[in-house]
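Observations on the model geometry
If you want the building blocks of each chain, they are given just below.
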Amino acid sequence: MKSDRGDIELAGVCKSFDGVTNVVDGVNLKIADGAYCCFIGPSGCGKTTILRMIAGHEDPSAGEIVIGGQNVVGLAPVQRRTAMMFQSYALFPHLTVRENIAFALRVRGMSKADRLRAADAMIEKVRLTQFADRLPAQLSGGQQQRVALARAAITEPRVLLLDEPLSALDEQLRVQMRQELRRMQQELGITFIHVTHTQLEAIALADLVVVMEQGKIKQAGAARDVYAHPHDRYVAEFMGGQNVLSGRVEKVNGSSFTLAQAAPDGIEVPLQRRPSVSVGDKVDIAVRRDDVALVRPGRELPPGCTNSLPSRVLAIEYQGYFVKVMLDTVPDDAFVAYVPEKTFFADPFTVGDVVLATWATGSALPLA
Amino acid sequence: MQSSQTLSRANLAGWLYVSPLVLVLVPFFVAPILVVLAASFFATDGFGGLTPDFTLASYIDVLHSALTLKLYLATIKFTVLTWIFTLIIGFFVAYFLVFHVRNQLLAIGLFLLCTVPFWTSNIIRMISWIPLLGKEGLINQALLALGMIRQPLEVLLFSDLAVVIAYVHQLTIFMIVPIFNSMARIDKKLIEAAIDAGASRFDIMRLIVVPMSKSGIALGTIFVVSIVMGDFFVVKVMSGGGSASVVSAFYEDVGVLQYPTAAASAVLLTLALVAIVSLILRTVDIRQEITR
C-alpha cells in the first residue's frame, strides 16, 4: 500500500549537469509531513534544481530522495504523487480554465462527467467559478496563479512543489496571493515546497526556511530562527535586517568576549551559541538593525548598552513605521539602524550628524 | 483646415508604405488574373485568334465535358494523398527536431539538411527517382535478387505511385517549415507540466502538441494543396503521360490554341482553390500564428 505521508528526506543529494561542478552539492534535509517549506537563495544557488529533483523532472547525480518512506529516485512524477506549479504557471493556452484544471484527470482516463465535476469543485475552491470557460490569456496574473494552483492540487498530491509562484505578480497582489497559498496549504493539509528569492515571502509563509548558497544548505530552521539567529555571515546578510561586524578577539572573559573595533574599549559580545573563542580569532558578529539605538554624543546610553560606535549619518530613508538610517560605523560594510518613526522624529537627525550607535550588549550575536 | 491637411499627409504616407507591394502585385498578380478572366469570356476562331466578346461558351464547354470531372477527381486524389504523406512526415520531422534534438545548433543543422533537395532543380530531383524506381532500378533489382518477385514491378515508375512519391519528395519541406515554426514556439514548460500531470507521450502529442501546431499544419496544408492542384509537370513526367491533372488539361488547350477554354478552366480552378483555402482559414486562425 502506498503511503499518504508527504514527509521528505533528502540524503546526500547531488546534481551536476556537466559532470564537473555540482549545482546541488550534498544536500541533507528532512521536511515534516504537512509542512510549508521555503527554499531561498540567490539565482543559481540550486534551489530550483532541488525542487525539480523532488518533482521528478530531474534525476539526482547522487543521493536519495525519500518521500513518505519510499525512495522515489527514478520514479515518474505521477508515481511520486507530487505535483508542480511552474514559474509563470505554464498553463495550456489552448484550453479553458476548466479543461486546464481537469487535464491531469483526463490523462488518467477519468470519464468526462466525473472529471468536469471534480474540476468545478476545485474551481470553486480557488474562487474562479465565473471564469471557468475562459482561456488563460483572458485572466489576470492572480487568476492565472490560482488556476495553476488548482491544476496542481486536483490530483490530491502528497507534496506540492511551487517554483517562484509569486514572482510574476505585482507587489500588492503578491501579498494577497501569499495568504491564499498559506490558506490552500492548510486546507489541503499537504506538504508545500516553495522556491523563492524573496526573504519576506519565505519568512512570512514557511514553517521551515532553507537558506542556500552555491548548491549547499547554509541554514535550515524555523523562520524566526533563521531571521533572528543567523548561523553565519552569509545567512545574516542574505536574510537582511542584521548588521554584520568583524574583528579580532581581544580578550575572553567568562561568558563574553571583546572584539577589537573602532570603539575605544572594543565591543563586548556574549558567548552564547559559540562555545570556543580564543584571543586573536577573527570573528563576525551580527546586530539586528532594529536593536541599534542612536544617541547624540555626550548623552547617556540607554540601559544595558555598553558598546557605542561613533558614526556619521550617511543617508536617511523614511519607510513609514520606521526610519532607515545609514551610518559609516564600519569602514567597508553597511551599518544601518531601523529607528521607530516616533522616536526618530522626536529628535530627528540630518545627513552628516555625528551619533553614537549602540545596542543592548546581550543582543549581539557571534556568527560561525 | 489644418487637421484635414495632416490627414491627407498621413494618407500619403500610408500610400507610400504600401506602394512597393502594390507595384509588385498589380503587374505580376492582378493584371495577369484580369487578362485570364477577360480571355475566358472571349470568343475564338479556333486558330488562336481571340475576338473580344462576352460569351459563357468556354465555361459551358468545360463544365459539360466529362473529362473535367475525371481530371478534378484525379487531381484531388493526388492532392489528398500528397497532403496525407507530407503531413505525417512533416509533422514527425518537425516534432523530432523540436522536442527530441536537445542541442539547438544540431537542430538548426538538421533543419538545413531538410532543404538539401532544394539545392538542385525540380527536374533533376524527379529524374533521380528513375534509377531507383525504374524497371531495372535498385528496388526492382533488390527484390529480384531476394527472390521476392519474378517480374520487375512496373507500378513503381511512370505511375500514380511515382507521381505521389515525387510530390511528397518535393513538398514535405513546405509542411516541415511552418509546423516546425509553430512547434518551436510551444513553451517546453507546457510539456513538463503535462508530464507532471501524468500525460503519456501520446497524450502530450494529442492534447498539447497537435492543437498548438494547428496553425502551422494549416499553413503547410495551404502550400501543399495549392502547389499540387496547380501543377501539371510532375504528373506529366512521373506518370509517363499515363495520368493527367486539371492543369495538364489546360496546358493541352493552350497547346492547341484553345485560349478561352484554357482561361475558363484556370478561372474555375482558381475559384476551387480559393474555396479550399478559405475553408482552411475558417477552421484555423492563422493570423494568430503570424501576429503572435
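Our subject is the structure listed above.
In what follows, the accompanying structure is described. It should be emphasised that the depicted structure is a prediction, and the values quoted were computed from it without experimental measurement. (Residues numbered from 1 in each chain as written. Chains lettered and ligands numbered in written order. Predicted model: local features only at pLDDT ≥ 70, side-chain atom pairs only at ≥ 80, totals over all residues. Heavy atoms only, no water.)

1. Points about the sheet that holds strand β13 (residues 267–270) of chain A
Residues and elements named next belong to chain A. On the basis of which strands lie adjacent, the open sheet formed by five strands has the order β13-β12-β11-β14-β20 and antiparallel pairing. Looking at strand neighbours, the two that pair on one side only are β13 and β20 (365–366), the edges of this open sheet. Pairing geometry for strand β11 (residues 242–253) and strand β14 (residues 282–288), over seven bridges, is antiparallel. Its bridge partner lying in β14, L245 is registered against I285. (Pairing = 2+ DSSP bridges. Helix = DSSP H or I, 4+ residues; strand = E, 2+ residues; numbered from the N terminus.)

2. Section: the environment of L188(A)
Residues and elements named next belong to chain A. By the element assignment, L188 lies in helix α6 (residues 171–188). Residue classification places L188 among the partly exposed residues on the basis of a relative accessible area of 25%. Between the C-alpha atoms of L188 and P297, which are 109 residues apart in sequence, the distance is 57 Å. Discounting residues that sit within four places of it in the chain, L188 has contacts with K125 and A153. (Buried < 20%, exposed > 50% of the residue type's maximum accessible area, 1.4 Å probe, protein only. Contact = heavy atoms within 4.5 Å.)

3. Considering the sheet that holds strand β5 (residues 70–71) of chain A
Residue and element names in this part refer to chain A. An order of β2-β1-β4-β5 is seen for the four strands of this open sheet, with the pairing classed as antiparallel. The sheet terminates laterally at β2 (24–31) and β5, the two strands that pair on one side only. By the bridge criterion, two bridges tie strand β4 (residues 62–67) to β5 in an arrangement that is antiparallel. Bridge pairing in β5 links V66 to N71. Running over the sheet, helix α1 (residues 47–55) touches β1 (8–15), β2 and β4 and is turned about 120° from β1. (Axes fitted to C-alpha atoms, helices over the stretch in contact; angles between N-to-C directions.)

4. A closer look at the pairing of β11(A)
All names here are of chain A. One ladder, built from four bridges, connects β11 with strand β12 (residues 256–259); its direction is antiparallel. Each bridged residue has a counterpart across the sheet, and for K251 the counterpart in β12 is T258. Here β11 folds back onto β12, and the loop between the two strands holds two residues, one of which, G254, carries a positive phi near 65°.

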